[in-house]
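Secondary and tertiary structure notes
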Amino acid sequence: MSARQVTLAEVAKQAGVSLATASRVLNGSTRQVSGDLSDRVLRTAEELGYVPNASAQALARNSSSLVGLVVHDITDPYFSCIAAGVTRVAEEAGLVVVLGTTGRRPEREAELLSTLRAHRARAVVLAGSRTTDRAAQARLAAEIDAFTEQGGRVACVSQAKLGTDTVVPGNRAGGRALARALAELGHKRFAVLGGPPELVVARDRLAGFKAGLADAGIAPPVVIGGAFTRDGGYEAALELLAAKTRATCVFAVTDVMAMGAMAALRERGVRVPEDMAIAGFDDIPTLRDTVPALSTVRLPLEEMGEIAAGLVLDTGRDEARTVRVAGEVVLRASTGQN
């Protein structure tokens with residue numbers, strides 16, 4: 001049998017104060033209570049074993065100890081690394097991270113932010129690409145405005161399109177640098193597994209890669225779309241093989257897609273890199289177990305999460321900040337490097 005929970009009214013009665021005074025002390029209201037009364041209420045609460053109600057505390061303070069983290073897909077190592085960085089900073093600040101996943105549905109971001117606003121979350125980090133769905137982005141922007149008007153803060157790890165604190169990965173510049181590096185290896189015919197065209201991150205990485213090829217005087221690549229998943233990369237690679245292109249090097253716009261593509265090539269007897277080189281983007285930790293090791297553009301994913309959490313917990317300013325994070329080309333065995 002569970003022990004009976006002590007009520008706030010009992011604490012107030014035992015301490016000889018009003019219910020309102022006990023609530024202000026124990027729920028952290030901004031209204032001040034004299035030192036003697038506050039000490040008496042706290043001492044009585046401890047003696048009785050009173051446990052404060054988190055919802056009541058949030059109402060009294062107009063915020064809670066919750067930090068929301070909204071990602072597209074937590075099983076994707078890109079997002080789990082960012083989540084690790086956000087969680088580390090939030091926990092060091094004594095806060096609790098609540099995770100929500102969108103399943104890559106743009107409208108879900110606004111829904112989750114609305115829920116977090118109802119729970120008076122102190123801050124929210126939105127990690128994931130913006131989309132070309134203007135209606136969904138407008139709804140999200142309106143929900144961000146409502147959240148900030150309530151006193152919360154929002155930071156994004158994506159493109160700077162929502163007028164809030166944003167950590168911007170160097171997607172376009174990274175794609176351009178990678179194309180130049182691969183061209184310097186002697187490749188002339190390229191294909192790109194381009195991801196969903198409605199995601200701005202896929203468009204940026206593809207645009208950067210095309211620009212890098214143009215810098216090297218190389219014709220535009222063959223582009224095949226697909227989901228931002230291992231299976232998406234696998235299916236896109238099969239489609240590429242069926243098209244019988246003469247590409248000698250494939251760029252998958254995420255490492256996860258590249259890993260699926262490598263599996264498809266291996267199953268069809270295409271050797272990497274002898275028959276076809278392949279490169280990805282992100283440098284996720286699971287690449288350590290990939291054979292051959294995957295060339296990629298390294299993003300400091302955990303650091304990006306830490307930066308976003310630091311921005312969103314910085315209450316000493318009103319203006320939005322944008323922090324740009326550069327990628328670094330890393331050439332490995334999948335493109336012929338030892």
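Scroll up to find the structure.
Quick caveat: nothing in here was measured; it's all calculated off a predicted structure.

Some words on the overall build of the chain
Along the chain, the regular secondary structure elements total twelve helices and twelve strands. Its C-alpha radius of gyration of 25 Å places the chain more than 25% over the 20 Å reference for a compact globule of 338 residues. Dimensions of the chain, computed from the C-alpha atoms along their principal axes, are close to 85 × 45 × 30 Å. When contacts within the chain are restricted to residue pairs at least 6 apart in sequence, long-range pairs at least 24 apart make up 76% of them. Surface summary for the chain: the accessible area is close to 15900 Å², and the carbon and sulfur share equals 49%. Averaging the positions of the 39 positive and the 38 negative side-chain charges in the chain gives two centres separated by 3 Å.

Considerations on the sheet that holds strand β6 (residues 190-193)
Read across the sheet, four strands follow the order β7-β6-β8-β9 without closing on themselves; strand pairing throughout is parallel. Looking at which strands have only one partner, the edges of the open sheet turn out to be β7 (222-224) and β9 (277-279). Adjacent strand axes in the sheet meet at a mean angle of 20°, parallel and antiparallel pairs treated alike. Pairing of β6 with strand β8 (residues 249-252) involves four bridges; the strand directions are parallel. By the bridge assignment, A191 is partnered in β8 with V250. In the packing of helix α10 (residues 230-242) onto the sheet, contacts are made with β6, β7 and β8, and the angle to β6 comes to roughly 145°. Taken strand by strand, helix α11 (residues 255-267) contacts β6, β8 and β9, and its axis lies near 155° from that of β9.

Some details on the pattern of salt bridges
Under the defined criterion, the tally for this structure stands at 16 salt bridges. Salt-bridge contacts for R298 lead to D283; the nearest nitrogen and oxygen are separated by 2.7 Å. Of the two residues, R298 sits in strand β10 (residues 296-298) while D283 sits in the loop between β9 and β10, which places them 15 residues apart along the sequence.

Reading the values: rules and limits
- Residues numbered from 1 in each chain as written.
- Predicted model: local features only at pLDDT ≥ 70, side-chain atom pairs only at ≥ 80, totals over all residues.
- Heavy atoms only, no water.
- Helix = DSSP H or I, 4+ residues; strand = E, 2+ residues; numbered from the N terminus.
- Rg over C-alpha atoms; globule rule 2.2 N^0.38 Å.
- Contact = heavy atoms within 4.5 Å.
- Areas by Shrake-Rupley, 256 points an atom, 1.4 Å probe, with all protein chains shown as cover.
- Lys, Arg positive; Asp, Glu negative; His and termini not counted.
- Charge placed at Lys NZ, Arg CZ, Asp CG, Glu CD.
- Pairing = 2+ DSSP bridges.
- Axes fitted to C-alpha atoms, helices over the stretch in contact; angles between N-to-C directions.
- Salt bridge = Lys/Arg side-chain N within 4 Å of Asp/Glu carboxyl O.

Coordinates in, geometry out; function isn't part of it.
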